[in-house]
Amino acid sequence: MPKINVYLPDELAEAVKESGVPVSAVCQRALEESVKRVTAIRAAVLDDVASGASALQLSRFTQRTRDVIGLAVERARTLGAPHVGTEHLLHGVLAEGTNLALHVLRAVEVAPDRVARELARREPTDGGNVPERFGGHAANALELTVTEALTLGHNYVGCEHLLLGLLAEPDGVGGQALRAAGVDLRTARAAVVAALAGYVHLRAQPASAGGPPDVAAALRRELAPLIERLDRVERHVGLVDEN
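Residues numbered from 1 in each chain as written. Predicted model: local features only at pLDDT ≥ 70, side-chain atom pairs only at ≥ 80, totals over all residues. Heavy atoms only, no water.

(A) Summary view of the overall build of the chain. When its secondary structure is counted, the chain shows twelve helices and zero strands. The linear arrangement of helices and strands in the chain, starting from the amino end, is α-α-α-α-α-α-α-α-α-α-α-α. Burial status across the chain gives 42% buried among its 243 residues. Counted over contacts in the chain with a minimum sequence separation of 6, partners at least 24 positions apart contribute 72%. Of the roughly 13200 Å² of accessible surface on the chain, 53% is carried by carbon and sulfur atoms. (Helix = DSSP H or I, 4+ residues; strand = E, 2+ residues; numbered from the N terminus. Buried < 20%, exposed > 50% of the residue type's maximum accessible area, 1.4 Å probe, protein only. Contact = heavy atoms within 4.5 Å. Areas by Shrake-Rupley, 256 points an atom, 1.4 Å probe, with all protein chains shown as cover.)

(B) Molecular detail of the side chain of His 161. As for its placement among the helices and strands, His 161 is situated in helix α9 (residues 159–168). With residues near it in sequence (within four places) discarded, His 161 still touches Thr 145, Glu 148, Ala 149, Leu 152, His 154 and Tyr 156.

(C) Broad picture of the nonpolar core. Counting residues in each nonpolar core, the largest one holds 45 residues, and the members touching the most others are Leu 89, Leu 90, Leu 105, Val 115 and Leu 178. Once you skip the residues sitting within four places of it in the chain, Leu 89 turns out to touch Val 68, Ile 69, Ala 72, Phe 134, Ala 138, Leu 142 and Leu 166. (Core = buried A, V, L, I, M, F, W, Y, C linked by side-chain atoms within 4.5 Å.)

(D) Summary view of the pattern of salt bridges. A complete count under the given rule lists five salt bridges for this structure. Arg 75 is paired through a salt bridge with Glu 123; the nearest N and O atoms lie 2.8 Å apart. With Arg 75 in helix α4 (residues 63–79) and Glu 123 in the loop between α7 (112–122) and α8 (136–151), this residue pair connects regions lying 48 residues apart in the sequence. Look at Arg 75 and you get partly exposed, because its relative accessible area is 25%. We note a salt bridge from Glu 148 to Arg 189, for which the minimum N-O separation is 3.0 Å. Of this pair, Glu 148 sits in helix α8 while Arg 189 sits in helix α11 (residues 185–204), placing them 41 residues apart in sequence. When sorted by exposure, Glu 148 lands in the same class as Arg 189, which is buried. Salt bridges here are not isolated pairs; linked through shared partners, they connect Glu 118, Arg 121 and Arg 122. (Salt bridge = Lys/Arg side-chain N within 4 Å of Asp/Glu carboxyl O.)

(E) Focus on the side chain of His 88. Residue placement: His 88 occurs in helix α5 (residues 86–96). His 88 has contacts with Ala 72, Arg 75, Ala 76, Leu 79, Ala 81, His 83 and Glu 123, leaving out every residue within four places of it along the chain.

(F) Spotlight on α7. Taken as a whole, α7 has its buried residues at Pro 112, Val 115, Glu 118 and Leu 119. Projected down its long axis, α7 carries its buried residues within an arc of 120 degrees, all on one side. In α7, the exposed positions angled more than 90 degrees off the buried face are occupied by Asp 113, Ala 120 and Arg 121. The inward-facing, buried residues of α7 contact α5, α6 (100–107) and α10 (173–180). (Arc of directions from axis to C-beta.)

(G) Just the environment of His 83, in detail. Among the structural elements, His 83 can be located in the loop between α4 and α5. Spatially, the C-alpha atoms of His 83 and Asn 129 are 8.3 Å apart, while their sequence positions differ by 46 residues. Contact partners of His 83, with chain neighbours within four places excluded, come to Ala 76, His 88, Pro 131, Arg 133, Phe 134 and Gly 135.

(H) Examining the confidence of the model for the chain more closely. This prediction gives the chain a mean pLDDT of 75; 59% of its residues lie at or above 70. Low pLDDT (under 50) marks residues 207–213, which in the prediction has one contact with non-local residues, meaning those over four places away or in another chain. (pLDDT = per-residue confidence, 0-100.)

(I) Broad picture of α6. Of all the eight residues making up α6, six are buried; the element is thus mostly covered by neighbouring parts of the structure. In this structure Asn 99 caps α6, since a side-chain oxygen of it lies 3.2 Å from the backbone nitrogen of Ala 101. (Polar contact = N/O pair within 3.5 Å; in protein donor to acceptor, adjacent residues only side chain to side chain.)

(J) Spotlight on the packing of α4 against α5. Relative to each other, α4 and α5 sit at 120 degrees, their axes nearing to 7 Å. With respect to their mutual orientation, α4 and α5 come out oblique. With respect to the hand of their crossing, α4 and α5 are arranged in right-handed fashion. Across the interface between the two elements, Arg 64, Val 68, Ile 69, Leu 71, Ala 72, Arg 75, Ala 76 and Leu 79 of α4 pack against His 88, Leu 89, His 91, Gly 92, Val 93, Ala 95 and Glu 96 of α5. In terms of residue class, the contact of α4 with α5 is built from nine nonpolar, three polar and three charged. (Axes fitted to C-alpha atoms, helices over the stretch in contact; angles between N-to-C directions. Parallel < 35°, antiparallel > 145°, perpendicular 65-115°, else oblique. Left-handed = near helix turned anticlockwise from the far one by under 90°. Nonpolar A, V, L, I, M, F, W, Y, C, P; charged D, E, K, R; others polar.)

Have a look at this one:
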């Protein structure tokens, strides 16, 4: 049986050792689920994705996230790309226009228009193809999207998780455009946590409290202490990308 080494941060390794968690069994189960999901994503036919009949439904994607994926499929077909790539997924996030991922970008002081310009510089225009499936980088990004949602303890997969999945995927054009625009995974993850906390707070406010506040500005004010706090937590549980 082939052996795969798993490297853990020192603090997490100590915690695992003290708790006696069966690392091999846990890793095997997690890998089995990931392989099933990424295989389903790579096998999904785009017509099924557009009609809502694909296996992506099993991963608890929200309707808005499915809409974004539908826009990505349309973009790939319009450009005649050989497959749906991370660049098309990012285009879908930007084109949908109302999702939480865009609020997160503004919260970390990166304008969606800036991301769009970076994407335009990198987006290939092959032409003449009829894409039928997701490319390898896009499939990996969608799997990382699900992983981000699970890691944050969420029982749904939203556009904010898709933003994190695109950032976490190292080789796709979508992640390259985001990083070139100034977005990094750790800060974006902290902003997602802050954004969701902010929405919970805003929903709890009475209607008489006044007009809707500037969500992006409010999140920026809360972001600095949250990043510091989340950084400590991430280093403990091994979520920080040391690269």
